[in-house]
Amino acid sequence: MTVKDRLKITEKTLKNKKNERILKCALFFMLGMLFSLGSVFGELRPFGVSITAVSKKRYFLFTAAGAAFATLFTGLDGSSARYMCAITLAALGALASAAFELGEHEIYPLNISAIEDKFGRMRVEILTDSDFGLNNPKLAPEIGRACSRYFDKGIITNFKNETMLSFF
């Protein structure tokens, strides 16, 4: 008897989580629709693009779909086509952010440079205004994966109010 009761509770819990995910997806779809209908200065509609860009990992596709649906609903013209391209680019940016876990390290760079010499050696330099999060041990493998390279632990250099993290 207790085994069956546990199974029922587990199935009930799974259904609740599934319903919660479905509701969140529908909510993000509706948010994308509502935000994309708002405009400023006549035909400028930046809100659907911005909500798509900042949506969480699982929900940016639903937000982009909602924004695209609302744009198609209002009619197609030149500005709508540009808006659809902007939504697509924002969704691709959110996809890249989720794939490379860019928000995990909380580093806000002022400048990033990747230099490769004629022998195939690469140096990556990240210039920031603080050294917060630069000692994270996951950072070197993440940057190496993005560059298809292996990097050792980075070297941190402080100069006045700027910090540079270099990988060789």
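Residues numbered from 1 in each chain as written. Predicted model: local features only at pLDDT ≥ 70, side-chain atom pairs only at ≥ 80, totals over all residues. Heavy atoms only, no water.

When helices and strands are counted, the protein chain shows 5 helices and 4 strands. The order of α-helices and β-strands along the protein chain, N terminus first, is α-α-α-α-β-β-α-β-β. Counting only residues that meet the buried cut, the protein chain has 28% of its 168 residues in that class. A separation threshold of at least 6 residues defines the contact pool for the protein chain, and within that pool the share at least 24 residues apart is 54%. Accessible surface for the protein chain amounts to roughly 12,100 Å². Of this, 64% is attributable to carbon and sulfur atoms. (Helix = DSSP H or I, 4+ residues; strand = E, 2+ residues; numbered from the N terminus. Buried < 20%, exposed > 50% of the residue type's maximum accessible area, 1.4 Å probe, protein only. Contact = heavy atoms within 4.5 Å. Areas by Shrake-Rupley, 256 points an atom, 1.4 Å probe, with all protein chains shown as cover.)

Before going further, it helps to examine helix 3 (residues 60–74). Over its 15 residues, helix 3 runs 21 Å from end to end, which matches the ideal 21 Å to within 8%, given 1.5 Å per residue. Within helix 3, burial applies to Phe-60, Thr-63, Ala-64, Gly-66, Ala-67, Ala-68, Ala-70 and Thr-71. Just past helix 3, the residue Gly-75 takes up positive phi, approximately 110°. (Expected span 1.5 Å × (residues − 1).)

Turning our eyes to something else, we now look at the packing of aromatic side chains. Going through the model one piece at a time under the given rule, you end up with 3 aromatic pairs. Aromatic side chains Phe-28 and Tyr-59 sit 4.7 Å apart centroid to centroid with 5° between the ring planes, which places their arrangement in the stacked category. Taken together, the positions of Phe-28 in helix 1 (residues 2–37) and Tyr-59 in the loop between helix 2 (47–54) and helix 3 put the pair 31 residues apart, joining distant regions of the chain. Across the pair, Tyr-59 and Phe-28 agree in class, each one buried. Seen in terms of ring centroids, Phe-29 and Phe-69 are 6.1 Å apart; in terms of plane orientation they differ by 40°. Their pairing is tilted. Of this pair, Phe-29 sits in helix 1 while Phe-69 is found in helix 3, placing the two residues 40 residues apart along the sequence. Given a relative accessible area of 25%, Phe-29 falls into the partly exposed group. (Phe/Tyr/Trp six-rings, centres within 6.5 Å; stacked < 30°, edge-to-face > 60°.)

Contact geometry of helix 3 with helix 4 (residues 78–99) gives a least axis separation of 10 Å together with a crossing angle of 180°. With respect to their mutual orientation, helix 3 and helix 4 come out roughly antiparallel. Contacts between helix 3 and helix 4 involve Phe-60, Ala-64, Ala-67, Ala-68, Thr-71 and Leu-72 from the first element and Ser-80, Tyr-83, Met-84, Ile-87, Ala-91, Ala-94 and Leu-95 from the second. By residue class, the composition of the contact of helix 3 with helix 4 is 11 nonpolar, 2 polar and no charged. (Axes fitted to C-alpha atoms, helices over the stretch in contact; angles between N-to-C directions. Parallel < 35°, antiparallel > 145°, perpendicular 65-115°, else oblique. Nonpolar A, V, L, I, M, F, W, Y, C, P; charged D, E, K, R; others polar.)

In space, the 4 strands of this open sheet follow the order 1-2-4-3, with antiparallel pairing throughout. The outermost strands of the open sheet, each flanked by one partner alone, are strand 1 (109–116) and strand 3 (155–159). With direction set aside, neighbouring strand axes in the sheet form an average angle of 15°. Summarising the sheet, strand 3 and strand 4 (residues 162–167) pair through 5 bridges and their orientation is antiparallel. (Pairing = 2+ DSSP bridges.)

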